[in-house]
Amino acid sequence: GAVVSQHPSWVICKSGTSVKIECRSLDFQATTMFWYRQFPKQSLMLMATSNEGSKATYEQGVEKDKFLINHASLTLSTLTVTSAHPEDSSFYICSAQDREPDEKLFFGSGTQVSVL
Amino acid sequence: LAKTTQPISMDSYEGQEVNITCSHNNIATNDYITWYQQFPSQGPRFIIQGYKTKVTNEVASLFIPADRKSSTLSLPRVSLSDTAVYYCLVGDSWGKLQFGAGTQVVVTP
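The rules we used
Residues numbered from 1 in each chain as written. Chains lettered and ligands numbered in written order. Predicted model: local features only at pLDDT ≥ 70, side-chain atom pairs only at ≥ 80, totals over all residues. Heavy atoms only, no water. Helix = DSSP H or I, 4+ residues; strand = E, 2+ residues; numbered from the N terminus. Rg over C-alpha atoms; globule rule 2.2 N^0.38 Å. Buried < 20%, exposed > 50% of the residue type's maximum accessible area, 1.4 Å probe, protein only. Areas by Shrake-Rupley, 256 points an atom, 1.4 Å probe, with all protein chains shown as cover. Salt bridge = Lys/Arg side-chain N within 4 Å of Asp/Glu carboxyl O. Phe/Tyr/Trp six-rings, centres within 6.5 Å; stacked < 30°, edge-to-face > 60°. Polar contact = N/O pair within 3.5 Å; in protein donor to acceptor, adjacent residues only side chain to side chain. Pairing = 2+ DSSP bridges. Axes fitted to C-alpha atoms, helices over the stretch in contact; angles between N-to-C directions. Disulfide = S-S within 2.5 Å.

*Asks:* So what about the overall build of chain A? Which residues, and what values?
*Replies:* Scanning chain A for helices and strands turns up 0 helices and 11 strands. Its helices and strands in sequence order give chain A the pattern β-β-β-β-β-β-β-β-β-β-β, from N to C terminus. Taken over the C-alpha trace, chain A has a radius of gyration of 13 Å; the compact-globule value for 116 residues is 13 Å, and the two agree within 12%. Overall, chain A is about 45 × 25 × 20 Å in size when its C-alpha atoms are taken along their principal axes. Looking at chain A as a whole, 51% of its 116 residues are labelled buried. For chain A, the exposed area adds up to about 5,800 Å²; of that, 52% sits on carbon and sulfur atoms.

*Asks:* Explain the pattern of salt bridges to me, using residue names and the numbers behind them.
*Replies:* Residues and elements named next belong to chain A. For the structure on display, the rule yields 2 salt bridges over all chains. Note that Glu 22 and Arg 24 form a salt bridge whose closest N and O atoms lie 3.5 Å from each other. With relative accessibility at 25%, the residue Glu 22 sits in the partly exposed group. The partner of Lys 66 in a salt bridge is Asp 88, and the shortest N-O contact between them spans 2.9 Å. Of the two residues, Lys 66 is situated in the loop between strand 6 (57-58) and strand 7 (67-73) and Asp 88 in the loop between strand 8 (76-81) and strand 9 (90-97); the sequence distance between them amounts to 22 residues. By relative accessible area, which is 12% here, Lys 66 ends up buried.

*Asks:* Break down the packing of aromatic side chains for me, citing the residues and quoting the values.
*Replies:* Counting across every chain of the model gives 10 aromatic pairs over all chains. For the pair A:Phe107 and B:Phe99, a centre-to-centre distance of 5.8 Å together with 80° between the ring planes defines the contact as edge-to-face. Taken together, the residues span two chains, with A:Phe107 in strand 10 (residues 105-107) and B:Phe99 in the loop between strand 8 (84-91) and strand 9 (103-108). Consider the rings of B:Tyr32 and B:Tyr51, whose centres lie 5.2 Å apart with planes at 55°: the pair is tilted. Here B:Tyr32, found in strand 3 (residues 32-38), pairs with B:Tyr51, found in the loop between strand 4 (45-50) and strand 5 (53-56); they are 19 residues apart in sequence, far enough to count as distant. By relative accessible area, which is 27% here, B:Tyr51 ends up partly exposed.

*Asks:* Explain the environment of A:Gln38 residue by residue, including any values.
*Replies:* The residue A:Gln38 is located in strand 4 (residues 32-38) in this model. Sequence separation of A:Gln38 and A:Val62 is 24 residues, and the distance between their C-alpha atoms is 13 Å. In terms of polar contacts, A:Gln38 uses its side chain to reach the side chain of B:Gln38, at 2.9 Å.

*Asks:* Hey, could you go over the sheet that holds strand 2 (residues 18-23) of chain B for me, with residue numbers and the actual values?
*Replies:* Residues and elements named next belong to chain B. Read across the sheet, 4 strands follow the order 2-7-6-5 without closing on themselves; strand pairing throughout is antiparallel. Lying at the two open borders of the sheet, with one neighbouring strand each, are strand 2 and strand 5. Neighbouring strand axes in the sheet, compared pairwise and without regard to direction, differ in orientation by 15° on average. Taken together, the 3 bridges between strand 6 (residues 61-64) and strand 7 (residues 70-75) define a ladder with antiparallel strand orientation. Along strand 7, the bridge assignment pairs Ser 61 with Ser 74.

*Asks:* Explain the state of the cysteines to me, and be specific about the residues and the numbers.
*Replies:* Counted by the stated rule, this structure contains 2 disulfides over all chains. Between the sulfur atoms of A:Cys23 and its disulfide partner A:Cys94 the distance amounts to 2.0 Å. Measuring handedness by torsion sign, the sulfur bridge of A:Cys23 and A:Cys94 sits at about 80° and is right-handed. A residue pair is termed long-range when its members are at least 10 positions apart, and A:Cys23 in strand 3 (residues 19-25) and A:Cys94 in strand 9 qualify at 71 residues. Across the pair, A:Cys94 and A:Cys23 agree in class, each one buried. At a sulfur-sulfur separation of 2.2 Å, the disulfide partner of B:Cys22 is B:Cys88. Across the S-S bond linking B:Cys22 and B:Cys88, the dihedral sits near -80°, which makes this disulfide left-handed. Placement of the pair is B:Cys22 in strand 2 and B:Cys88 in strand 8, with a sequence separation of 66 residues. The two residues B:Cys22 and B:Cys88 agree in class, both being buried.

By themselves, these figures tell us nothing about what the structure is for.
Structure, rendered in structure tokens:
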């Protein structure tokens, strides 16, 4: 199946700094990508929908100024956690929708963010 | 998006068949039913998708009754490596999927 690469797999940062996570569709074009976050022992929570060439759509309760999403090409979307705080520590996962042949949804391997 | 309800956990022994039933009473006409598997610290992995009746692939079967208000994921002859969280999702497109709590399946020798 198609591959979605997410980088880095883990990051440790100081409080107040920014963290950037990349999500790439390696062998298909993804006009739409999605970003989730997951706390320990909990389910995935959809944060936002990222569309190539347009502004992301954020779910209710997700601060768009804190979680900056850029989808500059059909194979790359980035999530930047700005001014990170310990409560932003979480597992962040992206997914990409393959338009061909049957619009399957593929997930990245996730990024564990730890804010000290 | 239709809400789904699954058992929180299920235990099984190696070699047994595991059946996980998901309730989705408010499923819409255009909604598909999709199951994902997730291991700790990994992204979800697609298992199977269906609309009605029965779907089978190399890893699982999906049974959907005529009213589509529930579905059952069947994992034949599970092994230790099948220990994971299994999510049932319902939606009218592949994209915007809301994950429920999932079912933690634990397989023991």
